Amino acid sequence: MSLEEQSGTQLGEAKVRCDACPVMCIIKLGMTGACDRYANLAGELIRVDPHILLERTVSRDGELVPFSQPADWDGTILPPQRFVTAIGAGTTYPDYKPAPFIVSSEVDGVDMVTVVTEGIFSYCGVKVKIDTDRFVGPETNAVRVEGEVVGHVTTGEYGSQMLSLGGVHHLTGGSKKEGRVACQALLDLCNGAAVEMQVDGGATLVVQAGQPPIVNGTTEQRMRVGCGSATIGIFARQWLGKVDEVVVVDDHITGVLSEHQAGKLLDIPPTGIRLKGRRSTPGRYFQVAEPGTGWGGTNISDPLDILGPFDPKTAFPGLRLLMVSTTGEHSGYYELDESLVPVAKEMPADLVGAVDKIAENCEPAMCTVLFVGGAGGSLRAGVTDNPVRLTRSVKEALTKVTSGGAPVYLWPGGGITFMVDVTRLPANAFGYVPTPALVAPIEFTLRLDDYEALGGHMDHVRPLASLGDTGRRQVAPHAENPWPFARGPAGRRLS
């Protein structure tokens, strides 16, 4: 339990009014507020969760101490490097309060300051990337949790379906239940929990950051190596001489080897094959079937359904045909009979290996959850009494922004809109307040003299050593994250 004292109002009988968010809970002695983040301990308002410090040790970075040391080395072990995160730090609410911790430290001989706060984000959401060819639902269709709309399907990307969830309209613009359910779904997703959701006119999904998606009860194994046309280009040479024709079934772009430019360059003759759908450029077909959860993200279970009759002027009995999906999950081998009708046959061993090569080149299916939030006026006021200067400092790469010590992507344009991969933060880094809104950590790191120049709250700057260890927890940084003090957002050293 963190014993860092927070502001609060005494109400008699040891009750305390919490002012950490607009709900303004009245908390009885020994109880917590509605968010479970603040409590009344002996009549004082305290932050319940421990404040998280990132701790980087020499051994973690693989650096070894040389056998020969400088003559003035006294033999003491160097302390680990520490970075103050905003996780468990508290908020700036009400707006006029400085950030909970404005901490100075020396990095490479330069005085630095890190300003940390748990921002209250009504304007926030998550972008979800689902690695699968399965059809999850039409674009713009609503995504529901517990029957409430929490977002929508957005533009699909290469080998992945995309969802846009949350946002202020779902948090505050609908019914109480919609706001509560949307907030809980966002909180669970950001903290790495599994969330079940239903797409209108589409699939039932179970999404969990860093885990394979579950579509209609089936756990996805792999994302596609490419569209049907790309798969033809990648593997055409490996099919040469083993088969006369290959069709790679894909909801978006189905490829046909003999018509494809790759087939032309390998001197593969025409086979008389005819495909349903809309022919684009040679060897590329659109709309061969409806979207679905079958072959290549289509609704078909029998690939022969997308074929028309073979041209008798070109096709011949015994013609060898391979049909395969973009993940290699579905495949079939056929030979034309005397009537030029494809007949299923056992796949030759050399073709089995070629299909396996497609599967080998597919990456594991995974759900990616990116938190997106806008750092508004109240949050920036916790850093400086002139918030626009902080925005300018971030744009000019004088101030580095992190979230729980994790690197963020800063959107161009006005304001400070950032995006972060939730798996790169320490566990349970996100919270909520029942307004409803999400609580997310954000840190601003810059040189101390730059902080003073932008009108920072210099009278609240405190040294790192003053924090002590009471009510705080040290955790190792994520192995893939750069050390927050290492380099600035433009690639230069902060020092």
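For the structure itself, look to the data block above.
Every chain's residues receive numbers from 1 upward, in the order its sequence appears when written. Local features in this predicted model are restricted to residues whose pLDDT is 70 or higher, and side-chain atom pairs enter the listing and the counts only when it is 80 or higher, whereas totals over whole chains, interfaces and linings include all residues. Note that water and hydrogens are dropped before the side-chain values are worked out from all heavy atoms of the structure.

Q: Would you mind going over the overall build of the protein chain in detail, with residue names and values included?
A: The helix count covers DSSP runs of H or I at least four residues long, the strand count covers runs of E at least two residues long, and both are numbered beginning at the N terminus. Counting its secondary structure elements, the protein chain contains 8 helices and 33 strands. Expressed as lengths along the three principal axes of its C-alpha atoms, the size of the protein chain is roughly 95 × 65 × 35 Å. Taken across its 495 residues, the protein chain has 50% of its residues classed as buried. Contacts were defined at the residue level, with two residues in contact if any of their heavy atoms lie within 4.5 Å. Counting only contacts in the protein chain whose residues sit at least 6 apart along the sequence, the fraction spanning at least 24 positions is 67%. In these tables, accessible area is a Shrake-Rupley quantity obtained with a 1.4 Å probe, and a residue counts as shielded only by the protein chains included in the view. About 22400 Å² of surface is accessible on the protein chain, with carbon and sulfur atoms providing 52% of the total. A distance of 3 Å separates the average location of the 43 positive side-chain charges in the protein chain from that of its 57 negative side-chain charges. Relative accessibility thresholds used throughout: buried, under 20% of the residue-type maximum; exposed, over 50%; partly exposed, between the two (1.4 Å probe, protein chains only). Residues scored as positive are Lys and Arg, those scored as negative are Asp and Glu, and His as well as the terminal groups of each chain are ignored. Charged groups are reduced to one reference atom each: NZ for lysine, CZ for arginine, CG for aspartic acid, CD for glutamic acid.

Q: Could you give me a rundown of the sheet that holds strand β6 (residues 51-56), with the residues and numbers involved?
A: Two pairing modes exist for strands in a sheet, parallel and antiparallel, and in both the strands are linked by backbone hydrogen bonds. By definition, two strands form a pair when at least two bridges between them are found by DSSP. With mixed pairing, the 3 strands of this open sheet are ordered in space as β7-β6-β33. With one partner strand each, in any of the chains shown, β7 (81-84) and β33 (472-475) form the two edges of the open sheet. The average angle at which neighbouring strand axes cross in this sheet is 30°, direction not considered. Alignment of β6 against β7, held across 4 bridges, turns out to be antiparallel. Bridge assignment links Leu 54 to a residue of β7, and that residue is Phe 83. Interaxial angle, 0 to 180 degrees, is taken between N-to-C directions of lines fitted to C-alpha atoms, where a helix line uses only the stretch in contact.

Q: How would you sum up the nonpolar core? Please name residues and give values.
A: Soluble globular proteins tend to bury their nonpolar side chains together. Formed by 68 residues in total, the largest nonpolar core has its most connected members in Leu 163, Leu 165, Met 197, Leu 205, Phe 371, Phe 430 and Phe 444. The dominant element in this core, judged by the number of residues it contributes, is helix α2 (residues 176-190), at 8 residues. Not counting residues up to four positions away in its chain, the partners in contact with Leu 163 are Val 126, Lys 127, Val 128, Ile 130, Val 143, His 152, Val 153, Thr 154, Met 197 and Leu 205. Working definition of a nonpolar core: buried Ala, Val, Leu, Ile, Met, Phe, Trp, Tyr and Cys residues. They are joined through side-chain atoms within 4.5 Å. Listed in part, the 21 residues of the second largest apolar core include Ala 236, Ala 262, Leu 266 and Val 324.

Q: I'd love a proper account of the packing of aromatic side chains, names of residues and values included.
A: Working definition: a ring pair exists when centres of Phe, Tyr or Trp rings (six-membered ring for Trp) sit within 6.5 Å. Plane angles under 30 degrees give stacked, over 60 give edge-to-face, the rest tilted. Counted by the stated rule, this structure contains 7 aromatic pairs. For the ring pair Phe 121 and Phe 371, a centre distance of 5.7 Å and an interplane angle of 80° mean the geometry is edge-to-face. With Phe 121 in strand β9 (residues 110-121) and Phe 371 in strand β25 (residues 367-375), this pair connects stretches of sequence that are 250 residues apart. Pairing Tyr 409 with Trp 411 gives two aromatic rings, centres 6.2 Å apart and planes at 70°, and the pair type is edge-to-face. Owing to a relative accessible area of 43%, Tyr 409 belongs among the partly exposed residues under this scheme. Of the residues examined, Trp 411 reaches a relative accessible area of 39% and is grouped as partly exposed.

Q: How would you summarise helix α5 (residues 349-360) if you had to cite specific residues and measurements?
A: An α-helical turn contains 3.6 residues, so a residue and the one three or four places further along point in the same direction. Its 12 residues give α5 an end-to-end C-alpha distance of 16 Å, which sits within 8% of 16 Å, the value for a rise of 1.5 Å per residue. Residues of α5 that are buried: Leu 351, Ala 354, Val 355 and Ile 358. For α5, the angular spread of buried residues about the axis comes to 95°, placing them on one side. Away from the buried face of α5 by more than 90 degrees, exposed residues Ala 349 and Glu 360 are located. Against the buried residues of α5 lie α3 (228-239), β22 (320-325) and β23 (331-336). Here a helix's expected span is defined as the number of its residues, less one, multiplied by 1.5 Å. Directions drawn from the helix axis to the C-beta atoms are what define this arc.

Q: An account of the pattern of salt bridges is needed here, citing residue identities and associated values.
A: A side-chain nitrogen of Lys or Arg and a carboxyl oxygen of Asp or Glu constitute a salt bridge if their distance falls within 4 Å. Summed over all chains, the structure comprises 13 salt bridges. Across the pair Glu 118 and Arg 47 runs a salt bridge whose closest N-O atoms are separated by 2.7 Å. You can see Glu 118 sitting in strand β9 and its partner Arg 47 sitting in strand β5 (residues 44-47), a full 71 residues away along the chain. Between Arg 224 and Asp 133 there is a salt bridge, with the nearest N and O atoms lying 3.7 Å from each other. One end of the pair, Arg 224, is in the loop between β17 (218-219) and α3; the other, Asp 133, is in the loop between β10 (124-131) and β11 (142-145), with 91 residues separating them in the sequence. When sorted by exposure, Arg 224 lands in the same class as Asp 133, which is buried. Each of Arg 37, Arg 47, Asp 49 and Glu 118 takes part in a single network of salt bridges with overlapping partners.

Q: Could you give me a rundown of the pairing of β11, with the residues and numbers involved?
A: Alignment of β11 against strand β12 (residues 148-157), held across 4 bridges, turns out to be antiparallel. By the bridge assignment, Arg 144 is partnered in β12 with Val 149. Between β11 and β12, which pair antiparallel one after the other, the connecting turn spans 2 residues, and Glu 146 there sits at a positive phi close to 50°. Examined bridge by bridge, β11 and strand β14 (residues 195-199) share 2 bridges and lie antiparallel to one another. Each bridged residue has a counterpart across the sheet, and for Val 143 the counterpart in β14 is Val 199.

Q: Please set out the sheet that holds strand β21 (residues 284-286) residue by residue, giving values where relevant.
A: Read across the open sheet, the 7 strands follow the order β20-β21-β19-β18-β22-β23-β24; overall the sheet is mixed. Each edge of the sheet is formed by a strand with only one pairing partner; in this case those strands are β20 (278-279) and β24 (342-345). Relative to β21, β20 is paired through 2 bridges, and the arrangement is antiparallel. Of the residues in β21, the one forming a bridge with Arg 278 is Phe 286. Where α3 meets the sheet, its contacts fall on β18 (245-249), β19 (254-256), β21 and β22, and the angle it forms with β18 comes to roughly 150°. Its contacts with the sheet put α5 on β22 and β23, and the angle it makes with β22 is roughly 25°.

Q: Describe α2, naming the residues involved and giving the relevant values.
A: Here α2 spans 21 Å end to end across 15 residues, near enough to the 21 Å set by a 1.5 Å rise per residue. Among all positions of α2, only Glu 178, Gly 179, Val 181, Ala 182, Cys 183, Ala 185, Leu 186, Leu 187, Leu 189 and Cys 190 are buried. Gly 192 lies just past α2 and shows a positive phi near 85°.

By themselves, these observations are geometric and do not establish any function.
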